[in-house]
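# Breakdown of the fold
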Amino acid sequence: LNTVYGLHLGYFTGGAELLFNGTKEQHVKLPSQSEQWDVRQLLVWIKTNLLKERPELFIQGDTVRPGILVLINEADWELMGQLDYKLEDRDNIVFISTLHGG
């Protein structure tokens, strides 16, 4: 397979962008691998390569922490298979934090 995926990632509201050096969106290229990338692998890659501080505010176990909505190409990831969704080139993945301090 060995396809390199170019993805658009967005982080919105509730301060989620602060975990990514204030970046609200970015285009990333995932490294080539023998099997097709899925969201579970993407989250590991994001934690390793993009999260700048306090990963526990974004990742819990092998998924996003409760209170973070994930949209894949503008659809709720729950409709798309969540962690098992197979990424396609040029997918748009958006993380929306519904958590905010008081």
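What counts and how
- Residues numbered from 1 in each chain as written.
- Predicted model: local features only at pLDDT ≥ 70, side-chain atom pairs only at ≥ 80, totals over all residues.
- Heavy atoms only, no water.
- Helix = DSSP H or I, 4+ residues; strand = E, 2+ residues; numbered from the N terminus.
- Buried < 20%, exposed > 50% of the residue type's maximum accessible area, 1.4 Å probe, protein only.
- Contact = heavy atoms within 4.5 Å.
- Areas by Shrake-Rupley, 256 points an atom, 1.4 Å probe, with all protein chains shown as cover.
- Lys, Arg positive; Asp, Glu negative; His and termini not counted.
- Salt bridge = Lys/Arg side-chain N within 4 Å of Asp/Glu carboxyl O.
- Pairing = 2+ DSSP bridges.
- pLDDT = per-residue confidence, 0-100.
- Core = buried A, V, L, I, M, F, W, Y, C linked by side-chain atoms within 4.5 Å.

### A look at the overall build of the protein
Along the backbone of the protein there are 1 helix and 7 strands. By residue count, 37% of the 102 residues in the protein fall in the buried class. Of the contacts made within the protein by residues no fewer than 6 positions apart, 58% connect residues no fewer than 24 positions apart. When the accessible surface of the protein is summed, it comes to about 5800 Å², and 51% of that surface belongs to carbon and sulfur atoms.

### Some remarks on the side chain of aspartate 91
Considering the arrangement of structural elements, one finds aspartate 91 in the loop between β6 (75–76) and β7 (92–97). This buried residue, aspartate 91, is left without a salt bridge; arginine 90 holds the nearest opposite charge, at 8.6 Å. When sequence neighbours within four positions are dropped, the list of residues in contact with aspartate 91 reads Gly6, Leu7, His8, Asn73, Tyr85 and Lys86.

### Regarding the pairing of strand β5 (residues 68–72)
Because side chains alternate across β5, one face comprises the buried residues Ile68, Val70 and Ile72, and the other comprises Leu69 and Leu71, none of which is buried. In this sheet, β7 lies alongside β5 in antiparallel orientation, the contact comprising 5 bridges. Paired with valine 70 across the two strands is phenylalanine 95, which belongs to β7. In the sheet, β5 pairs with β6 via 2 bridges, with the strands oriented antiparallel. Counted as the bridge partner of isoleucine 72 is alanine 75 from β6. If you look at the hairpin formed by β5 and β6, you'll find 2 residues sitting between the two strands, and asparagine 73 has a positive phi there, around 50°.

### Examining the confidence of the model for the protein
Atomic detail in the predicted coordinates should be set aside for any region of low pLDDT. For the protein, the average pLDDT comes to 84, and 84% of its residues sit at 70 or higher. Element-level mean pLDDT values for the protein span from 77 in strand β1 (residues 5–12) up to 96 in β6.

### Looking at the nonpolar core
Among the nonpolar cores identified, the biggest contains 27 residues, and Leu9, Leu42, Ile46, Phe58, Leu87 and Phe95 are the most heavily contacted of them. Listed by contribution, the elements that provide at least two residues to this core are β1, β2 (25–30), α1 (39–49), β5 and β7. In terms of residue count, the dominant contributor to this core is α1 (5 residues).

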